[in-house]
Amino acid sequence: MSETKHNQMFKKSILLISHNYSPEPTGIGKVNGEMIDWFASKGFNCTVITTFPYYPYWKIQPPYKNGWFKKEEINYPDSRGSVTIYRCPFYVPSKPTGKKRIIQDFSFWTSMSWIAGMLMLTKKHHDLIITVAPPFHLGYLGMLIKQRMGGILVYHVQDMQIEAAEELNMLANKRLLDYVYKIEREILIKADYVSTISPNMMKKIKAKAARDVIYFPNWVDTDYFHPLEPDETLKLKWGYQSDDIVFLYSGAIGEKQGLENILLTAMELREIKKIKFIICGSGPYKEELVHRVEKNNILNIKFLPVQDKKLFNVFLNMADCHLILQKGNASDLVMPSKLATILAIGGVSIVTTTPGTSLHSLIYNHDLGYIVEPDNHHLLSKVIVDLEFDSEFRQKSRNARNYAIQHLNIDNVMNDFLENVFKLKDQPYHQKIQ
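Since the structure is predicted, the reported quantities are computational estimates derived from the model, not experimental observations.

Q: Hey, could you go over the confidence of the model for the chain for me, with residue numbers and the actual values?
A: Put simply, the chain has an average pLDDT of 87, and 92% of its residues get 70 or more. Under a pLDDT of 50 for its full length, residues 1-9 has, in the predicted model, eight contacts with residues more than four places off or in other chains.

Structure (structure tokens):
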């Protein structure tokens, strides 16, 4: 294939519509930012309709202010790619509840509709339109833009928002649930492609809409995040002794994670002085957890803020073992994005999940960690006490790193995605974007 045809095939225009975007340090915003950065670094011209960064803190982060629309432009001279970001004002509840999140979702819908309308008036064509759920209704805006301007619409599901809200009792009105399920089904049927991040979420979506679903997992930069050689001084940087055994939870601090089980486990193991727990991150449930720790004088837990990306690889390597916790009733409606980064550094995790879920299958089939029944802090305590950092543990660490390189490397994931949406599977591998 000639260089000219190669450029025509890949140098396309992409529109992303999502609540969350860089510089949010965790979750969907982090993933979206890395995806668009990858596209632009390969020469794509990207447009993003999003909000001001607020997650996982649930307040707008400086230097941004939630006052009026803001346009940002970033050029990539080496690739001739570009990113234009439209940030839209919206309502951010400091203590999100089911009702407040609904208000938040539709406040963004109102403000971003202005930007979407402006883009449609300019008649700017986008080859690929990606909308990210949650919130699910952004897919409807993608449908409107596609109908007016053309392009391929991908509805990408990071969390099964409606099911999670129902099962966690955040949305209990049956009439409203039936209505939003109806809207979601219409989006699922009319999108050109639907993608999601785990095999079981693919099955659930296929059952709802009777259509094929693309596997588009969260990725990781396996060059940036990598194992470090053992270093006794790492723990000293965060105030621990070199022989302390550190169990780390790093991620969003919300109700669906069931992090109260870490507190109960810490209380149960408080007499084992060398075992320490860290809860690192931010979120609406953090204040409640801090209050419980102080009230019960739990001294073997430390809360840390979200760590700067420059330190994050070292920080993750500092921990002896990682904790990936979810409540049982939400365990197959989400796939924790933090897992990819943990695997990349060769991290071994204790995971609360149930048989039959994608997370359980992943950890069990590839021998990546230790599985514990959700919502049972006694079992969690037992696994922690019995844990041996022996040859079996080291093999799990090697398995984790190898899995990340083979299956979660960002270049492999993104090239597979492009093959799916642009039907390039017949092209030789060397013609993919390098």
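Q: Give a description of the environment of Y140 that names residues and reports values.
A: Positionally, Y140 belongs in helix α4 (residues 138-149). With a relative accessible area of 29%, Y140 lands in the partly exposed category. Separated by 51 residues in sequence, Y140 and A191 have C-alpha atoms that sit 9.1 Å apart. Filtering out sequence-adjacent residues up to four positions away, Y140 remains in contact with W109, I183, E186 and I187.

Q: Give a detailed account of the sheet that holds strand β4 (residues 81-88), specifying residues and quantitative values.
A: Across the sheet, which stays open at both edges, the eight strands sit in the order β3-β4-β2-β1-β5-β6-β7-β8 with mixed pairing between neighbours. The open sheet terminates on both sides in strands that have one partner only, identified here as β3 (70-76) and β8 (214-215). Here β3 pairs with β4 via seven bridges, running antiparallel. Each bridged residue has a counterpart across the sheet, and for E73 the counterpart in β4 is T84.

Q: Explain the packing of aromatic side chains to me, and be specific about the residues and the numbers.
A: One pass over the structure, following the stated rule, counts 18 aromatic pairs. Ring centres of F90 and F108 lie 6.2 Å apart, and the angle between their planes is 65°; on these two criteria the pair is classed as edge-to-face. Highlighted residues: F90 in the loop between β4 and α3 (98-121) and F108 in helix α3, separated in sequence by 18 residues. F108 carries the same exposure label as F90, and that label is buried. Taken together, a centroid distance of 4.8 Å and an interplanar angle of 65° make the contact between F389 and F393 edge-to-face. Of the residues examined, F393 reaches a relative accessible area of 10% and is grouped as buried.

Q: Account for unusual backbone geometry, with residues named and values stated.
A: Cis rather than trans, the peptide bond between S22 and P23 has omega equal to 15°. Within the secondary structure layout, P23 lies in the loop between β1 (13-17) and α2 (27-41). Note that the residue after P62, namely P63, is joined by a cis bond; omega there is 10°. Mapped onto the elements of the fold, P63 is located in the loop between β2 (45-51) and β3. Notably, W58 is not glycine yet its phi reads approximately 60°, a positive angle. Mapped onto the fold, W58 is located in the loop between β2 and β3. Within the chain, A210 stands out as a residue other than glycine whose phi angle is a positive 50°. Counting through the fold element by element, A210 comes out in the loop between α7 (199-209) and β8.

Reading the values: rules and limits
- Residues numbered from 1 in each chain as written.
- Predicted model: local features only at pLDDT ≥ 70, side-chain atom pairs only at ≥ 80, totals over all residues.
- Heavy atoms only, no water.
- pLDDT = per-residue confidence, 0-100.
- Contact = heavy atoms within 4.5 Å.
- Helix = DSSP H or I, 4+ residues; strand = E, 2+ residues; numbered from the N terminus.
- Buried < 20%, exposed > 50% of the residue type's maximum accessible area, 1.4 Å probe, protein only.
- Pairing = 2+ DSSP bridges.
- Phe/Tyr/Trp six-rings, centres within 6.5 Å; stacked < 30°, edge-to-face > 60°.

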